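Next come the chains, spelled out residue by residue.
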Amino acid sequence: MSLPKESTWHLFKGTWFVYDNKETTIHIQLKNSGHQCVYVNGTLASEKKSLKLRTEQAFEFKGVSYTVRTTPENVAMTSFSTELIIDNVLAKVFTFRYRLELKRYLPFLSTIVLLTIPLTLWNAPTWSFYLMLLTVLAIQVLLFNRQMFHIEEKDNDIQTEI
(Lines give C-alpha, C1' and ligand atoms only; values in the text may rest on other atoms or scores of the structure.)
Protein backbone atom coordinates (compact mmCIF):
# COMPACT_ATOMS: atom_id res chain seq x y z
CA MET A 1 0.00 0.00 0.00
CA SER A 2 1.26 3.46 -0.85
CA LEU A 3 1.12 5.88 2.08
CA PRO A 4 0.25 9.57 1.47
CA LYS A 5 2.90 12.26 1.85
CA GLU A 6 0.55 14.69 3.59
CA SER A 7 -2.63 14.61 5.65
CA THR A 8 -5.65 14.00 3.46
CA TRP A 9 -9.13 12.54 3.19
CA HIS A 10 -10.20 9.93 0.65
CA LEU A 11 -13.70 8.63 -0.02
CA PHE A 12 -12.68 4.96 0.11
CA LYS A 13 -9.43 4.99 2.16
CA GLY A 14 -10.64 7.25 4.99
CA THR A 15 -8.78 10.05 6.76
CA TRP A 16 -4.98 10.11 6.84
CA PHE A 17 -2.87 12.19 9.24
CA VAL A 18 0.87 12.39 8.57
CA TYR A 19 3.55 13.38 11.08
CA ASP A 20 7.14 13.65 9.84
CA ASN A 21 10.00 14.83 12.06
CA LYS A 22 12.83 13.82 9.65
CA GLU A 23 13.74 10.73 11.75
CA THR A 24 10.32 9.15 12.00
CA THR A 25 7.27 9.29 9.76
CA ILE A 26 3.96 8.36 11.35
CA HIS A 27 0.78 7.78 9.36
CA ILE A 28 -2.52 7.58 11.22
CA GLN A 29 -5.37 6.14 9.19
CA LEU A 30 -8.95 6.49 10.37
CA LYS A 31 -10.87 4.12 8.12
CA ASN A 32 -14.53 4.56 7.28
CA SER A 33 -15.11 1.06 8.72
CA GLY A 34 -14.06 2.22 12.21
CA HIS A 35 -10.52 0.81 12.21
CA GLN A 36 -7.70 3.08 13.33
CA CYS A 37 -4.27 2.08 11.98
CA VAL A 38 -0.91 3.60 12.86
CA TYR A 39 2.11 3.13 10.59
CA VAL A 40 5.60 4.00 11.83
CA ASN A 41 8.14 4.43 9.02
CA GLY A 42 5.85 2.53 6.65
CA THR A 43 5.28 -0.46 8.95
CA LEU A 44 1.90 -1.18 10.51
CA ALA A 45 2.63 -0.71 14.22
CA SER A 46 -0.88 -0.86 15.68
CA GLU A 47 -4.49 -1.33 14.67
CA LYS A 48 -7.61 -0.84 16.76
CA LYS A 49 -11.30 -1.24 16.04
CA SER A 50 -13.49 1.55 17.35
CA LEU A 51 -17.22 1.74 16.96
CA LYS A 52 -17.21 5.18 18.54
CA LEU A 53 -15.12 8.12 17.43
CA ARG A 54 -13.60 8.37 20.92
CA THR A 55 -10.52 6.14 20.85
CA GLU A 56 -7.25 5.86 22.74
CA GLN A 57 -4.64 3.61 21.18
CA ALA A 58 -1.42 3.10 23.16
CA PHE A 59 1.40 0.89 21.93
CA GLU A 60 5.16 0.53 21.89
CA PHE A 61 7.18 0.20 18.69
CA LYS A 62 10.96 -0.31 18.66
CA GLY A 63 11.36 0.99 22.20
CA VAL A 64 9.30 4.15 21.73
CA SER A 65 5.83 4.53 23.27
CA TYR A 66 3.07 6.05 21.18
CA THR A 67 -0.44 7.12 22.07
CA VAL A 68 -3.03 8.18 19.51
CA ARG A 69 -6.14 9.74 21.03
CA THR A 70 -9.15 10.62 18.85
CA THR A 71 -12.09 12.57 20.28
CA PRO A 72 -15.10 14.37 18.80
CA GLU A 73 -15.03 18.15 19.22
CA ASN A 74 -18.79 18.68 19.11
CA VAL A 75 -22.02 16.80 19.69
CA ALA A 76 -22.95 16.78 15.99
CA MET A 77 -19.65 14.96 15.28
CA THR A 78 -18.83 17.29 12.38
CA SER A 79 -15.36 17.83 13.79
CA PHE A 80 -12.86 15.65 15.64
CA SER A 81 -9.30 15.92 16.82
CA THR A 82 -6.54 13.33 16.93
CA GLU A 83 -3.58 13.78 19.26
CA LEU A 84 -0.26 12.07 18.61
CA ILE A 85 1.75 11.56 21.80
CA ILE A 86 5.31 10.21 21.55
CA ASP A 87 7.06 9.15 24.78
CA ASN A 88 4.45 11.02 26.86
CA VAL A 89 5.02 14.29 24.95
CA LEU A 90 2.29 15.75 22.76
CA ALA A 91 3.83 15.88 19.27
CA LYS A 92 0.94 17.04 17.10
CA VAL A 93 -2.81 17.64 17.07
CA PHE A 94 -4.78 17.01 13.89
CA THR A 95 -8.27 18.48 13.54
CA PHE A 96 -10.69 17.26 10.87
CA ARG A 97 -13.73 19.46 10.13
CA TYR A 98 -16.64 19.27 7.74
CA ARG A 99 -17.07 22.53 5.87
CA LEU A 100 -20.71 23.30 6.40
CA GLU A 101 -20.99 26.73 4.76
CA LEU A 102 -24.09 26.96 2.57
CA LYS A 103 -22.16 28.47 -0.37
CA ARG A 104 -20.20 25.20 -0.75
CA TYR A 105 -23.41 23.26 -1.28
CA LEU A 106 -25.28 25.86 -3.35
CA PRO A 107 -24.31 24.29 -6.73
CA PHE A 108 -25.43 20.88 -5.42
CA LEU A 109 -28.77 22.21 -4.18
CA SER A 110 -29.33 24.29 -7.35
CA THR A 111 -28.73 21.25 -9.56
CA ILE A 112 -31.27 19.23 -7.60
CA VAL A 113 -33.88 21.98 -7.93
CA LEU A 114 -33.21 22.44 -11.66
CA LEU A 115 -33.49 18.70 -12.32
CA THR A 116 -36.56 18.26 -10.14
CA ILE A 117 -38.66 20.78 -12.11
CA PRO A 118 -38.59 18.88 -15.45
CA LEU A 119 -39.09 15.53 -13.69
CA THR A 120 -42.17 16.94 -11.99
CA LEU A 121 -43.54 18.46 -15.20
CA TRP A 122 -43.12 15.16 -17.06
CA ASN A 123 -44.83 13.24 -14.24
CA ALA A 124 -41.78 11.01 -13.92
CA PRO A 125 -42.04 7.99 -11.61
CA THR A 126 -40.81 8.35 -8.03
CA TRP A 127 -37.79 6.10 -8.59
CA SER A 128 -36.45 8.59 -11.16
CA PHE A 129 -36.26 11.28 -8.44
CA TYR A 130 -34.21 8.95 -6.25
CA LEU A 131 -31.98 8.01 -9.17
CA MET A 132 -31.41 11.70 -9.96
CA LEU A 133 -30.58 12.49 -6.33
CA LEU A 134 -28.17 9.58 -6.11
CA THR A 135 -26.45 10.60 -9.35
CA VAL A 136 -26.07 14.25 -8.33
CA LEU A 137 -24.80 13.23 -4.89
CA ALA A 138 -22.25 10.83 -6.39
CA ILE A 139 -20.98 13.53 -8.75
CA GLN A 140 -20.78 16.03 -5.88
CA VAL A 141 -18.78 13.67 -3.68
CA LEU A 142 -16.44 12.43 -6.41
CA LEU A 143 -15.65 15.84 -7.90
CA PHE A 144 -15.72 18.09 -4.87
CA ASN A 145 -14.89 15.79 -1.94
CA ARG A 146 -11.61 17.53 -1.07
CA GLN A 147 -13.43 20.87 -0.72
CA MET A 148 -16.00 19.42 1.68
CA PHE A 149 -13.48 18.88 4.50
CA HIS A 150 -10.62 20.71 6.19
CA ILE A 151 -7.66 19.23 8.06
CA GLU A 152 -5.76 21.48 10.44
CA GLU A 153 -2.44 20.51 12.02
CA LYS A 154 -0.97 22.04 15.17
CA ASP A 155 2.50 21.28 16.47
CA ASN A 156 3.17 21.27 20.18
CA ASP A 157 4.69 24.73 20.65
CA ILE A 158 4.46 24.72 24.42
CA GLN A 159 7.84 25.41 25.98
CA THR A 160 8.65 25.49 29.66
CA GLU A 161 11.51 27.37 31.25
CA ILE A 162 13.08 25.98 34.36
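A brief report on the enclosed structure follows. (Residues numbered from 1 in each chain as written. Predicted model: local features only at pLDDT ≥ 70, side-chain atom pairs only at ≥ 80, totals over all residues. Heavy atoms only, no water.)

One pass over the full model with this rule turns up 6 aromatic pairs. Between phenylalanine 17 and phenylalanine 80, the ring centres sit 6.5 Å apart and the planes meet at 65 degrees, which makes this aromatic pair edge-to-face. Of this pair, phenylalanine 17 sits in strand S2 (residues 14–20) while phenylalanine 80 is found in strand S8 (residues 79–86), placing the two residues 63 residues apart along the sequence. Summarising the burial analysis for this pair, phenylalanine 17 and phenylalanine 80 share the class buried. Measuring from ring centre to ring centre gives 5.3 Å for phenylalanine 59 and tyrosine 66, while their planes differ by 20 degrees; the resulting arrangement is stacked. You can call phenylalanine 59 buried: its relative accessible area is 12%. Cluster of aromatic residues (ring-pair linked, three or more members): Phe17, Phe80, Phe94, Phe96 and Tyr98. (Phe/Tyr/Trp six-rings, centres within 6.5 Å; stacked < 30°, edge-to-face > 60°. Helix = DSSP H or I, 4+ residues; strand = E, 2+ residues; numbered from the N terminus. Buried < 20%, exposed > 50% of the residue type's maximum accessible area, 1.4 Å probe, protein only.)

A few words now on the nonpolar core. For soluble globular proteins, nonpolar side chains are generally found buried alongside one another. Core analysis: the biggest nonpolar cluster contains 21 residues, and Phe17, Tyr19, Ile26, Ile28, Tyr66, Leu84 and Ile86 have the highest contact counts within it. Core analysis: the second largest hydrophobic core is formed by 5 residues, Phe108, Ile112, Met132 and Val136 among them. (Core = buried A, V, L, I, M, F, W, Y, C linked by side-chain atoms within 4.5 Å.)

The next point concerns the side chain of threonine 15. Tracing the backbone through its elements, the reader meets threonine 15 in strand S2. Its relative accessible area of 5% is what places threonine 15 among the buried residues.

It is worth spelling out the pairing of strand S6 (residues 55–61) at this point. Along S6, the buried face is formed by Thr55, Gln57, Phe59 and Phe61; none of Glu56, Ala58 and Glu60, which line the opposite face, is buried. Hairpin connection, S6 to strand S7 (residues 64–72): the antiparallel pair is bridged by 2 residues, and lysine 62 has positive phi, about 50 degrees. (Pairing = 2+ DSSP bridges.)

Phi at lysine 62 is positive, roughly 50 degrees, even though this residue is not glycine. Topologically, lysine 62 is positioned in the loop between S6 and S7. One non-glycine residue, aspartate 87, lies in positive phi territory at about 50 degrees. With respect to the element layout, aspartate 87 can be found in the loop between S8 and strand S9 (89–98).

Within the secondary structure, glutamine 57 sits in strand S6. When its relative accessible area of 3% is taken as the criterion, glutamine 57 is described as buried. Those residues in contact with glutamine 57, other than ones at most four positions away along the chain, are Gln36, Val38, Ser46, Glu47, Lys48, Tyr66, Thr67 and Val68. For glutamine 57, the side chain forms a polar contact with the side chain of glutamine 36, separated by 2.7 Å. (Contact = heavy atoms within 4.5 Å. Polar contact = N/O pair within 3.5 Å; in protein donor to acceptor, adjacent residues only side chain to side chain.)

What follows concerns the pattern of salt bridges. By the definition in use, this model includes 7 salt bridges. Residues arginine 69 and glutamate 83 are paired through a salt bridge, measuring 2.9 Å at the closest nitrogen-oxygen approach. Residue arginine 69 is located in strand S7, and its partner glutamate 83 is located in strand S8; the two are separated by 14 residues in the primary sequence. Accessibility expressed as a relative area gives 24% for glutamate 83, which makes it partly exposed. (Salt bridge = Lys/Arg side-chain N within 4 Å of Asp/Glu carboxyl O.)

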